[in-house]
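Residue-level structure breakdown
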Amino acid sequence: MKYMAEKLIKVKILRFNPSTNGKAYFQSYDVPVTEGVSVLDILDFIYENLDSGLAYYDHAACRHGICGGCSLVVNGKPSLACQTLILGDISVEPPKNFKVIRDLVYKRGELK
Amino acid sequence: MVVGTKAVDKVVDADVLVVGGGGAGLRAAIEASERGVRALLISKGSVARSGASLLAGADLTLDGESLHNLGFPGEPIDTKQKFFSDIVTQGFYLNNQRIVEIYVEDAPKRVKELLDWGIKVGFAEERAIFTSGSSILSALLKRAKEMDVDIMNDIMVIDLLIKDGRVSGALGLDIKTGDLITFRSKAVVLATGGWHKAYSPNAGSRELSGDGVAAAYRAGADLANMEFVTFCCNVLLWPPNWRGIIFPYLLHLLVGGKLVNSKGEDFLSKYDPTIVKIGTSMEWNKSFVSIATALEVLEGRGSPHGGVYYEVGDMAWKEFESRVTKYYPNWKYKGIDFSELGKMLKDGRPVEVGPAAEYFEGGIVVNEKFETNISGLYAAGECTASLFGANRVAAATTEMLVEGTIAGRFAADYAKKSEMPDIDKKQVDKLQEKAILPLKLKEGIKPAELLRNVQQMAYEQLGPIRDNNGLSEFVKYIEMVKKDQLPKLCTVSKSMNYNKEWIEALELENIVQLLELSAKSALMRTESRGVHYRSDYAWTDNDNWLKEIVLREDAGDLHVTKRPVIITILMPPSGVTPYMEMVKKLMEAHSEIGGHH
């Protein structure tokens, strides 16, 4: 959804697509944010406005902090994307040790 | 995998295929397994951790006498007959009374069984026990595992497979790998819930795009009552990460508070005090307050994000907070820390709330066996029509358990006496070809853009207040989308593994189909009944409209019929009554039983 921007932040996301045999790399996006914006809202904003090729767990996200589908590593810390509020620059990665399906989507419960 | 590199031709067999990983699907799969057939459940998200059931409040409703007999205080003077009458009167008499009888009769059995399976009960009142969606689902999942139900997660149903007039399985998409999987089965139970994603804001989790209902329609199943959509009132609209969360609705219902418009007026005071009193203290308030809120917004007295403001009201803050934290310790609701909302309310900062799509009364037509008009195809839970008529006032969690059990039972019986069907290879090829179209197009329309437009238009013109102009315009718009835009949906990435644009393109097909049917039904129903409110036909017409609008696709065309409502016990009154007068009459017809139902 659209919102009035209070400021621009830098969002660094670890991208990787195993089906194209490419390597993992960080991609950086400038994202406008306002108070009360979560990491999941930021990923939505990137998908809707900047890069619709970005993969993140969204298809069955509950947004209430219960399904656990959006567990990611934000600024080095394990976090639920839907319950982590952001106002400054961030980096977002899938948890280490899990098999990555694409970008921020990984096989839950299946270690590398 | 990238399109065109390799076609996946995986076939998975089961006796009964259950589509949906929420309460109705799990309960159906348990029942089928208990009857000795092999049940396979496919879930769009993670089983028991997705779907509308997970976000349910969650209360389980049953009559107070039965609840008393289960060892809770309940309400001994309540009866099944009173509960039945209340569901039918508050449903504006559009309920299929045969199905209401089943709901009332089976509810105590299903609740007792869940208690035996270990759900945690928070508190109880006259006709309900309060637990959580996740507690119910965990108990069901544990039972399903004991019964050896096979489960596959992250599978979206694309379409049903039909051979010689009977269901022979379904085509599914493994969202994570991109594999298109052919499921072959003797019977299928659809339990895919509502189509919340057609609206913004909505109160559902993100996967609810009506995949099962739309697939059933494309396969030739009857749908009914598609014009009835419950908008939960007092849902958070702002900030972005709270949008669609019903917490203030629960606070207003359980604790109290006040709603004001942008002029600071207590706009509910314009309405009949009886309607306001009952309409804000029972499940009723969803439609009444949603209509009142939408009217403030339409007349220019709304908040910046299209709602009104929720305030503490006359209650002292200390009292208010102590009541809130009795239900929600530390302001925690599900996995969300709402202590900031508490501060906002305490400081008198604006909290924007409004109507959000929450429950779908209409859906797939079923009989008492929860069987559809297609041989071997069953449906249960929110994706079905008719139990709650034009307005749901009892729990959908009880609905999913009662209906899932019966659908699972009859699907298993059907599977036992059937041979494994053949798959129509041509149909599978055609469906696969169609499904991968957005991946093959080099340029076209972005799914996210179309979804945003559709959601906004649906909310404005097929929302809590409808009229001829808005509905006609919406029908034209949605027909244009169907014809000109859906075929042009195109993904930027061509990867099949977790491609969000591809999933959304497939979902849009379903969303647009269901919105078209809903809008056409709403346009046709020239009266107001339950959650369907027409400002240009602001009366309930029992002389002409005690009928369901039934929709069926035949050779690509929509066929519409009207089916008289099924009556077994309670005879509806005749006559034409102004809507608000009808609301008051029906509220006053409610039995003397207390509580929120």
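Presented here is an overview of the structure given in this document. Each chain carries its own residue numbering, running from 1 in the direction its sequence is written. Numbering of ligands from 1 and lettering of chains from A proceed in the order in which they are written. Local features in this predicted model are restricted to residues whose pLDDT is 70 or higher, and side-chain atom pairs enter the listing and the counts only when it is 80 or higher, whereas totals over whole chains, interfaces and linings include all residues. Side-chain measures were taken over the full set of non-hydrogen atoms in the model, leaving aside hydrogen atoms and water.

Bringing the overall build of chain A into the picture now. Counting from the N terminus, the helices are the DSSP runs of H or I reaching at least four residues and the strands are the DSSP runs of E reaching at least two. Counting its regular elements, chain A contains 1 helix and 7 strands. Ordered by position in the sequence, the α and β elements of chain A form the string β-β-α-β-β-β-β-β. Here chain A has a C-alpha radius of gyration of 13 Å; the compact-globule value for 112 residues is 13 Å, and the two agree. C-alpha extents for chain A along the principal axes are approximately 40 × 30 × 25 Å. The buried share of chain A, reckoned over its 112 residues, is 57%. A 1.4 Å probe and the Shrake-Rupley method give the accessible areas. Residues count as covered only by the protein chains that appear here. A total of about 5,000 Å² of accessible surface is found on chain A, and carbon and sulfur atoms cover 55% of it. Only C-alpha atoms enter the radius of gyration; for comparison, a globular chain is expected to reach 2.2 Å times N to the power 0.38, where N is the number of residues. Buried, partly exposed and exposed residues are distinguished by accessible area as a fraction of the type maximum, computed with a 1.4 Å probe on protein chains only: under 20%, between the cut-offs, and over 50%, respectively.

Moving on to the overall build of chain B. Along its length, chain B carries 19 helices and 22 strands. At 23 Å, chain B has a C-alpha radius of gyration in line with the 25 Å of a compact globule built from 597 residues. Along the three orthogonal principal directions, the C-alpha set of chain B runs to about 65 × 55 × 50 Å. For chain B, the residues scored as buried account for 65% of the 597 residues in total. A fraction of 74% describes how many contacts in chain B between residues 6 or more apart in sequence connect residues 24 or more apart. For chain B, the exposed area adds up to about 20,300 Å²; of that, 50% sits on carbon and sulfur atoms. Only four residue types enter the charge count, namely Lys and Arg as positive and Asp and Glu as negative; His and the chain termini do not. By convention, charge coordinates are those of NZ in Lys, CZ in Arg, CG in Asp, or CD in Glu. Of the side chains in chain B, 71 bear a positive and 80 a negative charge, and the two mean positions are spaced by 3 Å. Residue contacts follow a heavy-atom distance rule, with two residues in contact if any of their heavy atoms lie within 4.5 Å.

A few words now on the sheet that holds strand β11 (residues 229–236) of chain B. Residues and elements named next belong to chain B. By this definition, two strands are paired if DSSP reports at least two bridges between them. Reading across from one edge, β11-β16-β13-β12 is the order of the 4 strands in this open sheet, with antiparallel pairing throughout. Each edge of the open sheet is held by one strand with a lone partner, namely β11 and β12 (258–260). Across the sheet, the axes of successive neighbouring strands diverge by a mean angle of 45°, strand direction being ignored. The sheet strands contacting helix α10 (residues 285–298) are β11, β12, β13 (308–311) and β16 (352–360), and the helix crosses β11 at an angle near 70°. Think of each axis as a best-fit line through the C-alpha atoms, taken over the contacting stretch in the case of a helix, with angles from 0 to 180 degrees between the N-to-C directions.

Right, let's get into the interface of chain B and chain A. Of the residues lining the interface, 41 residues belong to chain B; the matching set on chain A comes to 41 residues. What gets called buried area is simply the loss in accessible area from a 1.4 Å probe that two parts show on being joined, summed for both. Carbon and sulfur atoms make up 53% of the area that chain B and chain A hide from each other, which totals about 3,600 Å². For this analysis, a salt bridge means a side-chain nitrogen from Lys or Arg found within 4 Å of a carboxyl oxygen belonging to Asp or Glu. Applying the counting criterion to the chain B and chain A interface returns 4 salt bridges. Polar contact is the term for a pair of N or O atoms within 3.5 Å; when the atoms are in protein, one must be able to donate a hydrogen and the other to accept it, and sequence-neighboring residues count only if both atoms are side-chain atoms. Our count for the contact surface shared by chain B and chain A stands at 26 residue pairs in polar contact (both at pLDDT 80 or more). Put simply, the parts of the chain that give the side of chain B that touches chain A at least two residues each are α2 (51–55), α16 (447–461) and α18 (500–524) of chain B.

The subject of this paragraph is the packing of aromatic side chains. Aromatic contacts are taken between Phe, Tyr and Trp rings whose centres are within 6.5 Å, Trp giving its six-membered ring; a plane angle under 30 degrees counts as stacked, one over 60 as edge-to-face, and the others as tilted. Per the counting criterion, the structure on display carries 26 aromatic pairs over all chains. Residues Tyr359 of chain B and Phe388 of chain B carry aromatic rings whose centres are separated by 6.2 Å and whose planes lie at 75° to one another, so their mutual orientation is edge-to-face. With Tyr359 of chain B in strand β16 and Phe388 of chain B in the loop between β18 (377–379) and α13 (396–416), this pair connects stretches of sequence that are 29 residues apart. Note on accessibility: Tyr359 of chain B and Phe388 of chain B belong to one class, buried. The ring of Tyr57 of chain A has Arg108 of chain A sitting right over it, with the charged end atom 5.6 Å from the ring centre. A ring is scored as having a charge over it whenever the NZ atom of a lysine or the CZ atom of an arginine sits within 6 Å of its centre and within 35 degrees of its normal. Sitting over the face of the ring of Tyr327 of chain B, Lys326 of chain B holds its NZ or CZ atom 4.8 Å from the ring centroid.

We now examine the sheet that holds strand β10 (residues 223–224) of chain B. As summarised here, the arrangement of the 4 strands in space is β17-β10-β20-β21 (chain B), forming an open sheet in which the pairing is antiparallel. Strand pairing shows two members of the sheet lacking a second neighbour, β17 (363–364) and β21 (557–564) of chain B, which therefore form its edges.

Moving on: the packing of helix α17 (residues 468–485) of chain B against α18 of chain B. Residue and element names in this part refer to chain B. Between α17 and α18, whose axes approach to 9 Å, the crossing angle comes to 150°. Considering the angle they form, α17 stands roughly antiparallel to α18. As α17 runs across α18, the sense of the crossing is left-handed. Of the residues in α18, those touching α17 at Asn468, Leu471, Ser472, Phe474, Val475, Ile478, Glu479, Val481 and Lys482 are Val512, Gln513, Leu515, Glu516, Ala519, Lys520, Ala522 and Leu523. Looking at side-chain class alone, the contact of α17 with α18 contains 10 nonpolar, 3 polar and 4 charged residues. By the definition adopted for this analysis, an angle is roughly parallel if under 35 degrees, roughly antiparallel if over 145, roughly perpendicular if from 65 to 115, and oblique otherwise. What makes a crossing left-handed is the near helix being turned counterclockwise from the far one by less than a right angle; a clockwise turn instead makes it right-handed. Amino acids outside the nonpolar list (Ala, Val, Leu, Ile, Met, Phe, Trp, Tyr, Cys, Pro) and the charged list (Asp, Glu, Lys, Arg) are all regarded as polar, and Gly is one of them.

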